[in-house]
Number of protein chains: 2
Amino acid sequence: MAEEQRRYRIGEFAKLVGLSTYTLRYYEDQGLVKSQRDENDVRYYTDEDIRWVGFILHLKGTGMRLNDLKRYVRLRAAGDATIPERRAMLQKTKDDAEADIAELQMHLQVLGRKIDWYDGKVEHTIADSESFQEYLQRFNDK
Amino acid sequence: MAEEQRRYRIGEFAKLVGLSTYTLRYYEDQGLVKSQRDENDVRYYTDEDIRWVGFILHLKGTGMRLNDLKRYVRLRAAGDATIPERRAMLQKTKDDAEADIAELQMHLQVLGRKIDWYDGKVEHTIADSESFQEYLQRFNDK
DNA sequence: AAACACCTTCGAGTGCACTTTAAGTCAACC
DNA sequence: GGTTGACTTAAAGTGCACTCGAAGGTGTTT
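The structure presented is a predicted model; accordingly, all values stated were derived computationally and were not measured. (Residues numbered from 1 in each chain as written. Chains lettered and ligands numbered in written order. Predicted model: local features only at pLDDT ≥ 70, side-chain atom pairs only at ≥ 80, totals over all residues. Heavy atoms only, no water.)

**Regarding the packing of helix H4 (residues 66-77) of chain B against helix H5 (residues 83-123) of chain B**
Axes are the key here: two packed helices are described by the angle between their axes and the distance separating the axes. Residue and element names in this part refer to chain B. The following threshold applies: Only C-alpha atoms enter the line fits that serve as axes; for helices the fit covers just the stretch in contact. Angles between N-to-C directions range over 0 to 180 degrees. Under the scheme used here, helices are H or I runs from DSSP no shorter than 4 residues and strands are E runs no shorter than 2 residues, and both carry numbers assigned from the N terminus. Oblique is the label for every angle not falling under 35 degrees (roughly parallel), over 145 degrees (roughly antiparallel), or within 65 to 115 degrees (roughly perpendicular). Each crossing is labelled by how the near helix is turned from the far one, with a counterclockwise turn of less than a right angle marking it left-handed and a clockwise turn marking it right-handed. Only heavy atoms enter the contact rule, under which two residues are in contact if any of them lie within 4.5 Å. The classification used treats Ala, Val, Leu, Ile, Met, Phe, Trp, Tyr, Cys and Pro as nonpolar, Asp, Glu, Lys and Arg as charged, and all other residues, Gly among them, as polar.
At a minimum axis distance of 9 Å, the contact between H4 and H5 shows a crossing angle of 155°. The angle between the axes of H4 and H5 places the two elements in the roughly antiparallel class. H5 is crossed by H4, and the crossing has left-handed handedness. The residues of H5 that touch H4, namely those facing Asp-68, Arg-71, Tyr-72, Leu-75 and Arg-76, are Glu-85, Arg-86, Met-89 and Leu-90. Looking at side-chain class alone, the contact of H4 with H5 contains 4 nonpolar, no polar and 5 charged residues.

**A look at the protein's contact with DNA strand C**
Definition in use: We call a residue near a molecule or strand as soon as one heavy atom of that residue lies within 4 Å of the molecule or strand.
Taken together, the neighbourhood of DNA strand C is formed by 17 residues, with Gly-11, Arg-25 and Arg-43 of chain A together with Tyr-22 and Tyr-27 of chain B sitting nearest. Each atom of DNA strand C within 4 Å of the protein was assigned to sugar, phosphate or base; sugar and phosphate come to 88%. Taken together, the elements giving at least two residues each to the surface near DNA strand C come down to helix H1 (10-17) of chain A together with helix H2 (21-29) of chain B. For the surface near DNA strand C, the element with the highest residue contribution is H2 of chain B, accounting for 4 residues. Tallied by class, residues from the surface near DNA strand C come to 6 nonpolar, 4 polar and 7 charged.

**Regarding the pattern of salt bridges**
Residues and elements named next belong to chain A. Here is the rule we go by: When a carboxyl oxygen of Asp or Glu lies within 4 Å of a side-chain nitrogen of Lys or Arg, that pair is called a salt bridge. In this scheme, a residue with accessible area under 20% of its type's maximum is buried, one over 50% is exposed, and one in between is partly exposed, where area comes from a 1.4 Å probe on protein chains only.
Under the definition given, this model contains 20 salt bridges over all chains. Here Glu-130 makes a salt bridge to Arg-138, at a shortest N to O gap of 2.9 Å. Residue classification places Glu-130 among the buried residues on the basis of a relative accessible area of 13%. Judged by its relative accessible area of 47%, Arg-138 is partly exposed.

This is the structure:
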């Protein structure tokens, strides 16, 4: 992999990864992201750090909490022996997110039907007297 | 629709809809849910209220905020003339939720690949030397 | 020399949606 | 007559993840 020698100061890095400098320092405090320092104690980051932040954003994006993220980072630091545990964390995160999606889709289905019902009302293809409940019922009855 | 005459006091109603009594009073303050009162000023709810709370929980379940929910309720109270606006709100909520799902699934794909990569490492079907980035790259390159 | 970007600690503020407490009252049930 | 469950208002607390500001410093660029 090329370009490993490029150094980014916090402002530039923040823009690259889409976080604020505040958040990057906060994450560093929390042990999620590390930085190196130049001769003036100014933080710098590398391309590897970009990939790492990218990855933790994927984890956060699936709903993983900061506390779990911290645990993940600690396990990672502890070496390959913790791979099964890390794998399990990811699997659980994945399963939870998939369950969330399934639930969300259930709610969306009702929303979609309400929208259809509104359309029916406006176009008068649904009897004015039919309530949304009755309309929904027609689907539940198959 | 039958059984419309059944009255539920707040405790029973809370269990039926899966909210706390606190939350129900809070929602009432916020104008999301209404209740009636008996001769002793004790709140009661009906089957219609169960359906209404059910519906707002679907909306909340798709990520609609309380503020938007309040607006929706106000529009509803304003009569059928607001149906297009309500329809638009639901459509936007639906579109946003679908975009969220799409993003979530993108994150999940990376998670899934990391899990596979861990499996490959443990089973030694992936070279020890191949980083997750390189592994991911194999997919991105098609 | 001013402007700018960075550094430090650390405490306070933000937004959202509840959640709980306090303190006192009321009425039905056993 | 005690327990239970309801009522009121108003205020404070919770959890999460930032987000910001103060106050004072260093170093680089215009």
